[in-house]
Amino acid sequence: MDDIDPDTQPSMSANEATQKVLRTDLAIGIGGAVLGYAEAGTALVGVLAVVVGFGLLTGIAMAVVEHDAVPGVYPEVAALASFIVLAGAVAGLVTLSEGPTTLVLAAVLSGFGVGVIGNRLLYGIVFDVPAYRLTRVREGAQSRSR
C-alpha cells in the first residue's frame with residue numbers, strides 16, 4: 001500500500017477543492033430538500049418545526065465534524081457520533097410525532113437538505129470551507145489520480 005508523501009504537491013488547488021466541495025454539498029442539499037418536498041408537497045408547512053429543527057441539527061453535526069470541535073477525538077469518530085445523534089432524532093420524531101410517518105420522514109429529508117445547504121453557504125460562501133474538508137477532497141483526488 002502506498003503512503004501519501006507529505007512533501008508532494010496536492011493534485012488540486014485550494015480554489016478547485018473549494019469549488020468541488022460547494023458543488024457536491026449543494027447538490028446533496030438541494031436533492032434532499034427537493035425530494036422531501038416532492039414527497040409531501042405543501043403538507044410540509046404543517047411540520048415546519050421538524051424541517052427547521054432537523055436542518056439545524058444537520059448543520060451543527062456537519063460543523064462539529066468539519067471544524068474538529070471535539071478536541072482529542074478523530075473527526076471520523078465525531079462523524080459517527082453525529083450520525084447516531086441524527087438517527088436517534090429521526091427515530092424520536094417518528095415515534096413522538098402525531099403526523100403520518102411518511103410526512104415526518106419527508107420533513108426530515110427536507111430538513112437534512114436545508115441543513116446541508118445552510119452549512120455550506122455559511123462555510124463555503126460567507127466563511128472559508130474548513131481545512132479538514134479541503135484536505136479530504138484533495139486526498140480523494142490524489143488517490144484517484146494514481
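Residues numbered from 1 in each chain as written. Predicted model: local features only at pLDDT ≥ 70, side-chain atom pairs only at ≥ 80, totals over all residues. Heavy atoms only, no water.

Per the secondary structure count, the chain includes five helices and zero strands. When the helices and strands of the chain are placed in sequence order, the string is α-α-α-α-α. Within the chain, buried positions represent 36% of all 146 residues. A separation of at least 24 residues holds for 82% of the contacts in the chain among residues at least 6 apart in sequence. Accessible surface computed for the chain: about 8,800 Å², of which carbon and sulfur atoms make up 67%. (Helix = DSSP H or I, 4+ residues; strand = E, 2+ residues; numbered from the N terminus. Buried < 20%, exposed > 50% of the residue type's maximum accessible area, 1.4 Å probe, protein only. Contact = heavy atoms within 4.5 Å. Areas by Shrake-Rupley, 256 points an atom, 1.4 Å probe, with all protein chains shown as cover.)

Let's shift gears to the UniProt feature "transmembrane region" (unreviewed entry) in the chain. Per the UniProt record, the feature "transmembrane region" (unreviewed entry) sits at residues 44-65, 77-97 and 103-126. With 95% helix and 0% strand, the stretch residues 77-97 has end C-alpha atoms that lie 30 Å from each other. For residues 103-126, helix accounts for 83% and strand for 0%, while the C-alpha atoms at its two ends are 33 Å apart. (UniProt positions renumbered as here; feature names shortened; annotations may be inferred.)

Between its terminal C-alpha atoms helix α4 (residues 101-122) stretches 31 Å, which fits the 32 Å expected from 22 residues at 1.5 Å a residue. Listed as buried for α4 are L103, V104, A106, A107, V108, S110, G111, G113, G115, V116, N119 and R120. (Expected span 1.5 Å × (residues − 1).)

The subject of this paragraph is the pattern of salt bridges. The final tally for this structure, using the stated rule, is five salt bridges. Between R133 and D25 there is a salt bridge; the shortest N-O distance is 2.7 Å. Of this pair, R133 sits in helix α5 (residues 131-144) while D25 sits in helix α1 (residues 14-40), placing them 108 residues apart in sequence. Here D25 falls in the buried class, since its relative accessible area comes to 4%. The partner of E66 in a salt bridge is R120, with the nearest N and O atoms 2.5 Å apart. Here E66, found in helix α2 (residues 48-66), pairs with R120, found in helix α4; they are 54 residues apart in sequence, far enough to count as distant. Accessibility assignment for this pair places E66 and R120 in one class, buried. Here the salt bridges do not stand alone but share partners, grouping D25, E66, R120 and R133 into one network. (Salt bridge = Lys/Arg side-chain N within 4 Å of Asp/Glu carboxyl O.)

Residues at a pLDDT of 70 or more form 90% of the chain, whose mean pLDDT is 87. α5 is the least confidently modelled element of the chain, averaging 81 in pLDDT, while α4 averages 95, the highest of any element. (pLDDT = per-residue confidence, 0-100.)

Our next topic: the packing of α1 against α4. Across the interface, α1 lies against α4 with an axial gap of 7 Å and an inter-helix angle of 155 degrees. Between α1 and α4, the crossing angle belongs to the class labelled roughly antiparallel. Once α1 is placed against α4, the crossing between them reads as left-handed. (Axes fitted to C-alpha atoms, helices over the stretch in contact; angles between N-to-C directions. Parallel < 35°, antiparallel > 145°, perpendicular 65-115°, else oblique. Left-handed = near helix turned anticlockwise from the far one by under 90°.)

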